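Structural description and commentary
Take a look at the letters that make up each chain.
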Amino acid sequence: MVSLVQTSSFPLIPRFRSSHPVLEEARVPCRSGVRCHVVEPLKFENGKPCIPVLPAGERSLPSFLTTPQLGNIVSSKNDTRLRIFSGTANPSLSQEIACYMGLELGKINIKRFADGEIYVQLQESVRGCDVYLVQPTCPPANENLMELLIMIDACRRASAKNITAVIPYFGYARADRKTQGRESIAAKLVANLITEAGANRVLACDLHSGQSMGYFDIPVDHNNQPVVLDYLASKRICSDDLVVVSPDVGGVARARAFAKKLSDAPLAIVDKRRHGHNVAEVMNLIGDVKGKVAVMVDDMIDTAGEFEKSSKPTLELLPIIFIFYHKSNVGG
């Protein structure tokens, strides 16, 4: 049954009567009876809202706008953080570097699966940090090189600001050119791998040749002569009794640079013939080394066989011989 009901706010509207109590009380206003009155736009007595501008002399935000969270965000931008992580190649060297810097080594989890795969996980945040990864590629070279690449990738995916690969012994550096046909230039390949992994800079003690820096598309630092010269100066060797010896013809430029910085010491050269990898024969000794202290400088020692053979011609003439080498594959 339907009846019309008059209300104060709405015109006559139908009312449905039913036995159900909810439908009995339901009242639906008529849409046609609703009227909209157009009013004037809002007026701002104090002016339109605007962004507050801080006075010129006031550098900080007002107290009602500052929050603890905002202060942490502002301070974190000016906070330069440095992290040092070590691989498994030479952890003692990494520990000495961290102690010298007054820092602690970063926490990192490195393990190997049963099939030999390497797993790396950083156990602390490096977001926005300058990260240094100390990992020489000493034997086993392939294992340590792959571990370094995975460490770089982990830091890159953890949003590190800068990643520096510290490689005291840079493996595959001797393969920097083609000496025979159908040979690979492995130094260029390793440089591409490190760059593509995400490293921003490479720090090495000394590369096999200076032109190897051109293989990288990122900055490379590899000169350690100041450290060596300070060490030699601490030995208090008279410049007149000093001679710099190059173990082969290829290292003459390196030996001459050392001799020039050691009060322009005289230079001697060991002429040897290489019959194969890690096999060499000493032929002649060029230069006067009798009665002097020989500083023999070489860029790499692998088996030390060639270095020993180069020293034999001078041992018979010298009362003292001082041997220094830039890097060795034993322990990085």
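Residues numbered from 1 in each chain as written. Predicted model: local features only at pLDDT ≥ 70, side-chain atom pairs only at ≥ 80, totals over all residues. Heavy atoms only, no water.

**Some thoughts on the pairing of strand 10 (residues 242-246)**
Among the five residues that make up strand 10, five are buried, leaving the element largely enclosed by the rest of the structure. Here strand 10 shows two buried faces, one formed by Leu 242, Val 244 and Ser 246 and the other by Val 243 and Val 245. With four bridges connecting them, strand 10 and strand 13 (residues 293-298) associate as parallel partners. Each bridged residue has a counterpart across the sheet, and for Val 244 the counterpart in strand 13 is Val 295. (Buried < 20%, exposed > 50% of the residue type's maximum accessible area, 1.4 Å probe, protein only. Helix = DSSP H or I, 4+ residues; strand = E, 2+ residues; numbered from the N terminus. Pairing = 2+ DSSP bridges.)

**Overview of the nonpolar core**
Note that soluble globular proteins tend to have their nonpolar side chains buried in a common cluster. Core analysis: the biggest nonpolar cluster contains 36 residues, and Val 131, Leu 133, Ile 152, Phe 170, Ile 194 and Phe 216 have the highest contact counts within it. Looking at this core, the element that brings in the most residues is helix 4 (residues 141-157), giving seven residues. Contact partners of Val 131, with chain neighbours within four places excluded, come to Arg 83, Phe 85, Val 126, Cys 155, Ala 160, Asn 162, Ile 163 and Thr 164. Of all hydrophobic cores here, the second largest spans 12 residues; its members include Val 228, Ala 255, Ala 259 and Val 295. (Core = buried A, V, L, I, M, F, W, Y, C linked by side-chain atoms within 4.5 Å. Contact = heavy atoms within 4.5 Å.)

**Side note on the side chain of Thr 164**
As for its position among the elements, Thr 164 is in strand 7 (residues 162-167). Classification of Thr 164 as buried rests on a relative accessible area of 7%.

**Quick word on helix 5 (residues 186-197)**
With 12 residues, helix 5 extends 16 Å from end C-alpha to end C-alpha; this agrees with the ideal 16 Å at 1.5 Å per step. Among the residues of helix 5, those classed as buried are Ala 186, Ala 187, Val 190, Ala 191, Ile 194, Thr 195 and Ala 197. In this fold, the buried residues of helix 5 make contact with helix 4, strand 7 and strand 8 (201-204). (Expected span 1.5 Å × (residues − 1).)

**What about the pattern of salt bridges?**
Counted by the stated rule, this structure contains seven salt bridges. Notably, a salt bridge pairs Arg 177 with Asp 176, separated by 3.2 Å at the nearest N-O pair. Judged by its relative accessible area of 46%, Arg 177 is partly exposed. Given the relative accessible area of 2%, Asp 176 is considered buried. (Salt bridge = Lys/Arg side-chain N within 4 Å of Asp/Glu carboxyl O.)

**With respect to the packing of helix 4 against helix 5**
As a packed pair, helix 4 and helix 5 sit with axes 8 Å apart at the nearest point and diverge in direction by 25 degrees. When the axis of helix 4 is compared with that of helix 5, the two are roughly parallel. Residue-level contacts link Leu 145, Leu 149, Ile 152, Asp 153 and Arg 156 of helix 4 to Val 190, Leu 193, Ile 194 and Ala 197 of helix 5. Of the residues in the contact of helix 4 with helix 5, the class split is seven nonpolar, no polar and two charged. (Axes fitted to C-alpha atoms, helices over the stretch in contact; angles between N-to-C directions. Parallel < 35°, antiparallel > 145°, perpendicular 65-115°, else oblique. Nonpolar A, V, L, I, M, F, W, Y, C, P; charged D, E, K, R; others polar.)

**Let's talk about the confidence of the model for the protein**
With 64% of its residues at a pLDDT of 70 or more, the protein has an overall mean of 76. Taken together, the stretch residues 70-79 has pLDDT below 50 and engages in two contacts with residues farther than four places along the chain or on a different chain. (pLDDT = per-residue confidence, 0-100.)

**Some details on the sheet that holds strand 8**
One open sheet holds the five strands; their spatial order is 3-6-7-8-9, and the pairing between them is parallel. Looking at strand neighbours, the two that pair on one side only are strand 3 (82-86) and strand 9 (220-221), the edges of this open sheet. Note that strand 3 and strand 6 (residues 130-134) share five bridges and pair parallel. Bridged to Phe 85 within strand 6 is Leu 133. Packed on one face of the sheet, helix 3 (residues 91-101) meets strand 3 and strand 6 and runs near 160 degrees to strand 3. Relative to strand 7, helix 4 is tilted by about 165 degrees, and along the sheet it contacts strand 3, strand 6 and strand 7.

**Examining a nonpolar patch on the surface**
On the surface, a cluster of nonpolar side chains totalling about 420 Å² of accessible area is made up of Leu 82, Tyr 100, Met 101 and Leu 103. Inspection of the secondary structure assignment puts Tyr 100 in helix 3. (Patch = residues over 30% accessible without salt bridge, like charges linked within 9 Å, V, L, I, M, F, W, Y side chains within 5 Å. Areas by Shrake-Rupley, 256 points an atom, 1.4 Å probe, with all protein chains shown as cover.)

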